[in-house]
Amino acid sequence: MDLLLDPRDLDRLDTLRRGGGLTLVPTMGALHEGHLDLVRRAAAEGPVVVSIFVNPTQFGPGEDFAAYPRDLESDLARLRPLEVAAVFAPAVGQMYAAEGGARVRPGDRADCLCGAARPGHFDGVVTIVAKLFNLVRPDVAIFGRKDAQQCLVIDQMVRDLGFPVRLIDAPTVREEDGLAMSSRNRYLDLGQRERAVCLSAALSAAGRRLEEGERSAERLLAAVRDDLAPADSVEYAELCRVPDLQPAERAAGRVLLALAARVGPARLIDNRIWNVNDAGVRETGLLAPGENP
Ligand code: AMP
């Protein structure tokens, strides 16, 4: 496993690129099983490059950029047993030369949910992902469905700007009690950790209501809000169409139920995606080939 600390070191990927299938797994480090699952899926596509970079431009003022956990040595130790060809872990100064530099602007899928709650967040995300794509030049990139809006915003960027990269969205990896794995779960104390499970529990309960025939977004979301009572506050709970993320009044076709809530110091997000049609209710992905126009 080659450690590349400088964008100039990326020449060392040339031989890997020639074989095709080079697959990028972008992360901000503090790796957990969710990240490692992406890496294992990536290995099925071709040689794997994992990037580790806590991207300052996707954090807003007052967010946890400074406090975000960073531990490159332990991340490398977790990656070494896996099939990883290279880790790209540049410093901030190597990725952003100066204030006022060029940026990529996301499309309209970034306007709602986390984009509305965290102004500028997706500008930072698409800028760093575009830069990583240009530097690493992967054939494939894998993202987690846990950040569903992020997957769809990047998908829109790739289509609209013509990046020659195939995207894969991987299912959310969860703790045994259902909590979606996240680097931010480290911020939770024991009591907060117990309350944090209300997000995934609310999503599961919504899935059961759908299976029982409920289709009204208003009623589904009212029940979700009740189920989120253990959280300290709810930032949003919305039912949206996939892939355009417009609000859905009824559960029909592909829909995303997306939640963001605060528990103690942590801002947690979670979601489920279902395809609802005459045949019933089926969990589905975001970027399956042929499913998105
Ligand atoms: P992050 O380090 O939080 O920026 O995440 C890096 C990548 O891992 C993103 O594509 C995330 O969507 C993905 N990811 C984070 N948590 C999970 C999880 N629990 N299951 C699957 N993928 C995840």
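Residues numbered from 1 in each chain as written. Predicted model: local features only at pLDDT ≥ 70, side-chain atom pairs only at ≥ 80, totals over all residues. Heavy atoms only, no water.

Bringing the sheet that holds strand 2 (residues 23–27) into the picture now. Across the sheet, 6 strands lie side by side as 1-4-3-2-5-6; this open sheet has parallel pairing. Whereas interior strands pair on both sides, the edge strands pair on one side only; in this sheet they are strand 1 (2–4) and strand 6 (166–170). Neighbour to neighbour, the strand axes of the sheet diverge by 25° on average, direction disregarded. One ladder, built from 5 bridges, connects strand 5 (residues 140–144) with strand 6; its direction is parallel. Bridging from a neighbouring strand, F143 pairs with D169 of strand 6. Along the sheet face, helix 6 (residues 121–136) touches strand 2, strand 3 (48–52), strand 4 (86–88), strand 5 and strand 6 and points at about 145° away from the line of strand 2. Its contacts with the sheet put helix 7 (residues 148–161) on strand 5 and strand 6, and the angle it makes with strand 5 is roughly 155°. (Pairing = 2+ DSSP bridges. Helix = DSSP H or I, 4+ residues; strand = E, 2+ residues; numbered from the N terminus. Axes fitted to C-alpha atoms, helices over the stretch in contact; angles between N-to-C directions. Contact = heavy atoms within 4.5 Å.)

Okay, the nonpolar core next. Membership of the largest hydrophobic core comes to 48 residues, with the highest contact counts inside it found for F133, M157 and L167. If you list the elements that add at least two residues to this core, you get strand 4, helix 5 (113–117), helix 6, strand 5, helix 7, strand 7 (233–241), strand 8 (253–263) and strand 9 (266–277). If you tally residues by element for this core, the top one is helix 6, at 9 residues. Dropping the residues within four chain positions of it, M157 is found in contact with V104, V126, V129, A130, F133, G162 and F163. Listed in part, the 28 residues of the second largest apolar core include L220, L239, A266 and W274. (Core = buried A, V, L, I, M, F, W, Y, C linked by side-chain atoms within 4.5 Å. Buried < 20%, exposed > 50% of the residue type's maximum accessible area, 1.4 Å probe, protein only.)

What follows is about helix 2 (residues 33–43). Every buried residue belonging to helix 2 is among G34, H35, L36, D37, L38, V39 and A42, and all of these are buried. Summarising the contacts, the buried residues of helix 2 are in contact with strand 2, strand 3, helix 3 (72–79), strand 5 and strand 6.

Further remarks concern the side chain of N55. With respect to the helices and strands, N55 occurs in the loop between strand 3 and helix 3. Given a relative accessible area of 1%, N55 falls into the buried group. Within polar-contact distance, the side chain of N55 engages the side chain of Q58 at 2.9 Å. Apart from residues lying up to four places away in sequence, N55 is in contact with M28, F65, Y96, G124, V125 and I128. (Polar contact = N/O pair within 3.5 Å; in protein donor to acceptor, adjacent residues only side chain to side chain.)

As a further point, take the packing of helix 9 (residues 198–211) against helix 10 (residues 217–227). Two numbers describe how helix 9 lies on helix 10: the axes approach to 9 Å, and their chain directions differ by 150°. Taken together, helix 9 and helix 10 sit at an angle that is classed as roughly antiparallel. Where helix 9 crosses over helix 10, the two elements pack in a sense that is right-handed. Residues C198, A202, A205, A206, R209 and L210 of helix 9 form the contact with helix 10, whose own contacting residues are L220, A223, V224 and D227. When grouped by side-chain class, the residues that make up the contact of helix 9 with helix 10 number 8 nonpolar, no polar and 2 charged. (Parallel < 35°, antiparallel > 145°, perpendicular 65-115°, else oblique. Left-handed = near helix turned anticlockwise from the far one by under 90°. Nonpolar A, V, L, I, M, F, W, Y, C, P; charged D, E, K, R; others polar.)

Here helix 6 is 16 residues long and its end C-alpha atoms lie 22 Å apart, about the 22 Å a rise of 1.5 Å per residue gives. Most of helix 6 is tucked away, with 12 of its 16 residues classed as buried. Considered for burial, the residues of helix 6 that qualify are H121, F122, G124, V125, V126, T127, I128, V129, A130, L132, F133 and V136. Residue R137 follows helix 6 closely and has a positive phi angle near 50°. (Expected span 1.5 Å × (residues − 1).)

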